[in-house]
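Structure at a glance
Letter by letter, the chains look like this.
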Amino acid sequence: MKTYKANRVVLFAGGGTAGHVVPALAVAEVIRKAGAARACFCGSTSGFEQKLVTSAGFPFVSIPTAPYLRRFDRSLAKSALLNSFGLAKACMLIHRLRPAVVVGMGGYVSVPVGIAAVLNRCPLILHEQNSIPGLGNRLLSPLAELVCVSFPSTVQRFPQAVWTGNPVRFGHEQATSTGKRKKSKTLLCFGGSQGAGYINTLLLDSLTHLMTAGITLKWAAGRTDFSRVNKVLNGLFAANPSWKKRIDLNEYITDMETAMMAADLVVARAGATTIAELTVLGKPALLIPFPHATDNHQVVNARQLERSGGCRVIEQRELGFPGASAVELFVTQLQDLLDNRDALDEMERCSGNFGKKGAAYSVFRIIMQHISKISGSAPISGAMEDPWGKTG
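Reference entry: report on the structure contained in this document.

What counts, and at which threshold
Residues numbered from 1 in each chain as written. Predicted model: local features only at pLDDT ≥ 70, side-chain atom pairs only at ≥ 80, totals over all residues. Heavy atoms only, no water. Helix = DSSP H or I, 4+ residues; strand = E, 2+ residues; numbered from the N terminus. Buried < 20%, exposed > 50% of the residue type's maximum accessible area, 1.4 Å probe, protein only. Lys, Arg positive; Asp, Glu negative; His and termini not counted. Salt bridge = Lys/Arg side-chain N within 4 Å of Asp/Glu carboxyl O. Polar contact = N/O pair within 3.5 Å; in protein donor to acceptor, adjacent residues only side chain to side chain. Expected span 1.5 Å × (residues − 1). Contact = heavy atoms within 4.5 Å. Pairing = 2+ DSSP bridges. Axes fitted to C-alpha atoms, helices over the stretch in contact; angles between N-to-C directions.

1. A look at the side chain of Arg-269
Within the secondary structure, Arg-269 is located in the loop between β11 (265-268) and α10 (272-281). No salt bridge is formed by the buried Arg-269. Its closest oppositely charged neighbour is Glu-315, at 9.7 Å. In terms of polar contacts, Arg-269 uses its side chain to reach the backbone carbonyl oxygen of Ile-288, at 3.0 Å. Engagement of the side chain of Arg-269 in a polar contact is seen with the backbone oxygen of Pro-289, the distance being 3.2 Å.

See the structure below:
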C-alpha cells in the first residue's frame, strides 16, 4: 500500500451557515497561535463562509456542491452531477495540498471533501455541533477515525465519538463581566447568522411594552431582514424619539461576546453556536428554537439546556402567528425573568455549569495527535491555490 506523505496542513471543510464555520475558525485560531500547522478551509460556493474565513486571515477554496436530496424529483440528477463535480475538485485539492488531516465540520459541502480525504488515504476527523447529528456527518462517520461531539448525549450516536464541546471564538473564553447594574434591564436579541424574521416581527410588535418596562435593547436583525426592520423602527422613532437612545439595531453583531456580557437576558434561536456561546459565558436566555430545523435539532438543543436550568424555552408553535396573543406570552415571559434577579442569577450559574470550556483546545489536541503520527514536511508556504487554477 502506498504511504500517504503529508504536509503539516489541516484542511477544514464545512459551511452553509455560520454554525459550521465559526467552530472551525476557533480551532484554526488555536492552530495558528501554536504555530503547529497551517489551517486552510474549503466550503460551498453559495454560502457566506468565504467572507468569514478570509476576513479571519485563512485561505479558502470553494467546492461546488448541492444539498443531498432525500426524495426523488427532477432536481436529483442535477444534484448528483454537481456533487460529483465537487468530489472531483475536492480530490484534486487534497492531492495538491496533501493535508495531514481533514476536519469535516458538517453541512453538505463536507461530504465530497470527506470522501476525497478517504480516497487519498488522508485521516478524517468530524465535528458535530448539534445534539442531533446532521446528514453529512451521519454519511461520513463510518469513514472517520474520530467524531468530536458538542453534547454529552450525542456520544452514544457514534461508536468512535468523544465529547469535546463546541469550539467558540477566543474572546468568549476570555470574556469577563462588564459590571452591569443590578437594576438594569438590558436585552440582547438575535436570530443567528442569517437573522430570524419571526423574532424580528415579534420584537417590533412588542416594542411599546418593552420601552414602557424600561428595557434597553441591543438587536441584530440579520442581513435579509435588516432593511425592513430599520424602516419600521425609523417610523416608530419619529413618533417616539426617546426610544432611539434605548434601541441599538444592527445587521450583524461582530463582537458578540461583549454584547452577551453586557446583557441581563438573551433572546435567540437555539443553534449550536448560540448554545455554546451562551453556556461558555454563563448567560441566561429565553430561547425560541427555529421550528423548521432539520430533525427538529434546535428544539432538542434548547430542551437539553432548559433541563439543566440554564434557559427558558418557548416554542414558536406556542407563540403562534405574530399578534396580540404572541406578544402577551412573550412579554410576560421576559418580565417574569427580568424582574426576578435571583432567578437570573440561578440561570447564569446553571448555564455556566452546562458549558464546556476549552473545546477549541480539545479539538486542537486531537488534531495534533493525528499529525504526530504522520512524518511529513514543513507547512506549505505561499498562497493556497484552487486546484483548477484560481486562487482561493
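2. As for helix α1 (residues 18-34)
For α1, built from 17 residues, the straight-helix expectation of 24 Å at 1.5 Å per residue is met to within 8% by its first-to-last C-alpha distance of 24 Å. By the criterion of burial, α1 is predominantly enclosed, with 12 of the 17 residues buried. Of all the positions in α1, only Ala-18, His-20, Val-21, Val-22, Pro-23, Ala-24, Leu-25, Ala-26, Val-27, Ala-28, Val-30 and Ile-31 are classed as buried. On its buried face, α1 is in contact with β1 (9-13), β2 (38-44), α2 (49-55), α10 and α15 (359-372).

3. Some details on the sheet that holds strand β4 (residues 101-104)
Strands pair in a sheet through their backbones, by hydrogen bonds, and they do so in one of two ways: parallel or antiparallel. Taken together, 7 strands build an open sheet; the order of strands is β3-β2-β1-β4-β5-β6-β7 and the sheet is parallel. The open sheet has two edge strands with one neighbour each: β3 (60-63) and β7 (161-163). Averaged over all pairs of adjacent strands, the angle between strand axes in this sheet comes to 25°, irrespective of strand direction. In the sheet, β1 pairs with β4 via 4 bridges, with the strands oriented parallel. Paired with Val-10 across the bridge in β4 is Val-101. Sitting on the sheet, α1 touches β1 and β2, and the angle it makes with β1 is about 170°. The sheet strands contacting helix α3 (residues 76-97) are β1, β2, β3 and β4, and the helix crosses β3 at an angle near 150°.

4. Quick word on the pattern of salt bridges
Enumeration according to the criterion identifies 13 salt bridges in this entry. Residues Lys-218 and Asp-248 are paired through a salt bridge, measuring 2.6 Å at the closest nitrogen-oxygen approach. Taken together, the residues Lys-218 in strand β9 (residues 216-220) and Asp-248 in strand β10 (residues 247-250) connect sequence positions 30 residues apart. Residue classification places Lys-218 among the partly exposed positions, given a relative accessible area of 25%. Linking Arg-303 and Glu-306 is a salt bridge whose minimum nitrogen-to-oxygen distance equals 2.7 Å. Pair noted here: Arg-303 and Glu-306 are both in helix α11 (residues 297-307), with a separation of 3 residues, about one helical turn.

5. Remarks on α15
With 14 residues, α15 ought to run about 20 Å at 1.5 Å a step, and its terminal C-alpha atoms sit 20 Å apart, in line with that. The element α15 is largely enclosed, with a buried count of 10 among its 14 residues.

Any link to function would need more than the numbers given here.
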